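A closer look at the structure
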Amino acid sequence: MRHASEKGGSNVDQEKKTYYITVGSGEISQSSTDSAWNFKIEATDDEIIRLRELFDQNYSTEWRSFFRSHVPYVQYHHDRENDAYDETVVEVYKMIYELGDHEARSHIETMGILE
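Residues numbered from 1 in each chain as written. Predicted model: local features only at pLDDT ≥ 70, side-chain atom pairs only at ≥ 80, totals over all residues. Heavy atoms only, no water.

Our next topic: the pattern of salt bridges. As enumerated under the stated definition, the model contains five salt bridges in all. For the salt bridge of Lys16 with Glu47, the shortest nitrogen-to-oxygen distance reads 3.1 Å. Placement of Lys16 in the segment before strand 1 (17-22) and of Glu47 in helix 1 (residues 45-68) is noted, with a sequence separation of 31 residues between them. One salt bridge connects Asp56 with Arg52, and the closest N-O pair in it is separated by 3.4 Å. Of this pair, Asp56 and Arg52 are both found in helix 1, four residues apart, which corresponds to roughly one turn of the helix. According to the relative accessible area criterion, Asp56 is partly exposed, its value standing at 41%. (Salt bridge = Lys/Arg side-chain N within 4 Å of Asp/Glu carboxyl O. Helix = DSSP H or I, 4+ residues; strand = E, 2+ residues; numbered from the N terminus. Buried < 20%, exposed > 50% of the residue type's maximum accessible area, 1.4 Å probe, protein only.)

Of note, Ser29 is situated in strand 2 (residues 27-29). In this structure the side chain of Ser29 is engaged in a polar contact, spanning 3.0 Å, whose partner is the backbone nitrogen of Ser31. Excluding residues within four positions of it along the chain, Ser29 makes contact with Thr18, Tyr19, Tyr20 and Asp34. (Polar contact = N/O pair within 3.5 Å; in protein donor to acceptor, adjacent residues only side chain to side chain. Contact = heavy atoms within 4.5 Å.)

Here we take up the sheet that holds strand 2. The three strands lie next to each other as 2-1-3, forming an open sheet whose pairing is antiparallel. Here the strands that pair on one side only, and so sit at the sheet edges, are strand 2 and strand 3 (39-43). Direction aside, neighbouring strands of the sheet carry axes that sit 30° apart on average. Examined bridge by bridge, strand 1 and strand 2 share three bridges and lie antiparallel to one another. Pairing of Thr22 across the sheet is with Glu27, part of strand 2. (Pairing = 2+ DSSP bridges. Axes fitted to C-alpha atoms, helices over the stretch in contact; angles between N-to-C directions.)

Attention shifts here to the confidence of the model for the chain. Overall, the prediction assigns the chain a mean pLDDT of 79, with 66% of residues at 70 or greater. Ignoring residues within four places in sequence, the model shows residues 1-8, a span with pLDDT below 50, making six contacts including any to other chains. (pLDDT = per-residue confidence, 0-100.)

Further remarks concern the environment of Asp86. Position of Asp86 relative to the elements: it lies in helix 2 (residues 80-99). For Asp86, a relative accessible area of 33% puts it in the partly exposed group. In the structure, Asp86 is positioned 28 residues away from Asn58 in sequence and 8.8 Å away in space, judged by C-alpha atoms.

Below, the discussion takes up the pairing of strand 1. Every regular strand shows the same layout, with side chains that alternate between the two sheet faces. Bridge count for strand 1 against strand 3 is five bridges, and the pairing is antiparallel. Looking at strand 3, one finds that Tyr19 is bridged to Ile41. Taking the residues that link successive antiparallel strands as the turn, the strand 1-strand 2 hairpin has four residues, and the phi of Gly26 there is positive, at about 70°.

This is the structure:
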């Protein structure tokens, strides 16, 4: 059995750091002044890796949707790429809600995206 302090341990052993998130561009920064940001969160390295994976997944899905958009007979509500993108966006907002400060949680609640 591995101990939590070994490589691959739990998030409990990892220090949380402050990050600033820009959802539209998928930007994750530790500086609040480098660019405009939407949400402030406290996250471990593993949580940031997971959030980055979600942003990367959306970027990949956006490209598939772009190419699919040139096939006019597939409607949005029958499009798996759009469904995948929408699901990933919800996952991003769930993570931000769980890791975010009070202002981030309040804003996401007003968006109604997690209902």
